[in-house]
Amino acid sequence: MNQITVTGRLTEEPKTTFSMGSEPAAHAVFNFAVPDMSMRRDEQGNYPTDFFRCSCWGKLAEAVEKHCNKGTKLLIVGRLKNNNYEKNGQKVYSNEIVMDSLEFLEPKKQNG
């Protein structure tokens, strides 16, 4: 079983694209910071942090585009996907979380 559940914050504005095929679909991607609260804080009071690339499709991507911004705190459930490729003769390894669902962990900030 391949399932990952993480809590953290977006480190950037999500990037959303829309396909224009026979069945249009939204695709959203963003970087996500997940602090490891089982470790000790550093001198500045921060926990060690892991960073993940996250992606989602369809209605979930539309919700991300509409309701998420840099700093939004989420609980994400999904699966870990390996994206391995070759660049200049070297094997490059990367991982991303393909999201199945999300939960907002803070109320949306009001502007002004």
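Residues numbered from 1 in each chain as written. Predicted model: local features only at pLDDT ≥ 70, side-chain atom pairs only at ≥ 80, totals over all residues. Heavy atoms only, no water.

### Things to note about the nonpolar core
Note the cut-off: By nonpolar core is meant a set of buried Ala, Val, Leu, Ile, Met, Phe, Trp, Tyr and Cys residues that side-chain atoms within 4.5 Å join together. Buried residues are those whose accessible area, probed at 1.4 Å on protein chains only, stays under 20% of the maximum for their type, while exposed residues exceed 50% and partly exposed ones sit between those limits. In DSSP terms, a helix is any run of H or I states spanning at least four residues, a strand is any run of E spanning at least two, and both are numbered starting from the N terminus. We call two residues in contact when some of their heavy atoms are within 4.5 Å.
Grouped together as the largest cluster of nonpolar side chains are 20 residues, with contacts concentrated most on F30, F32, V64, L74, I76, I97 and M99. Mapped by element, the contributors of at least two residues to this core are strand 1 (4-10), strand 3 (26-35), strand 4 (49-57), helix 1 (58-67), strand 5 (73-87) and strand 6 (90-104). Here this core gets five residues from one element, more than from any other, and that element is strand 3. Sequence-distant contacts of I97, that is, excluding residues within four places in its chain, are made with I4, V6, F52, R53, C54, S55, I76, G78, R79 and L80.

### Some remarks on the environment of K91
Mapped onto the fold, K91 is located in strand 6. The exposure class of K91 is partly exposed, given its relative accessible area of 46%. Other than its neighbours up to four places away in sequence, K91 contacts N84, Y85 and E86.

### Some remarks on the pattern of salt bridges
The line we're drawing: Take a side-chain nitrogen of Lys or Arg and a carboxyl oxygen of Asp or Glu: if they are within 4 Å of each other, that pair is a salt bridge.
Taken as a whole and assessed by the stated rule, the structure comprises four salt bridges. Note that K15 is salt-bridged to E12, the shortest N-O span being 3.1 Å. Looking at E12, the relative accessible area reads 16%, which means it is buried. In this structure, E12 and R53 form a salt bridge, with 2.9 Å as the shortest nitrogen-oxygen distance. Of this pair, E12 sits in the loop between strand 1 and strand 2 (15-18) while R53 is found in strand 4, placing the two residues 41 residues apart along the sequence. On the basis of relative accessible area, R53 is assigned to the partly exposed category, the value being 30%.

### A short note on the state of the cysteines
Which entries qualify depends on this criterion: The rule for a disulfide is simple: a pair of cysteine sulfur atoms within 2.5 Å.
Summed over the entire model, instances satisfying the criterion amount to zero disulfides. Here C56 stays free of any disulfide, with the sulfur of C68 as its closest cysteine sulfur at 8.1 Å. Residue classification places C68 among the buried residues on the basis of a relative accessible area of 2%.

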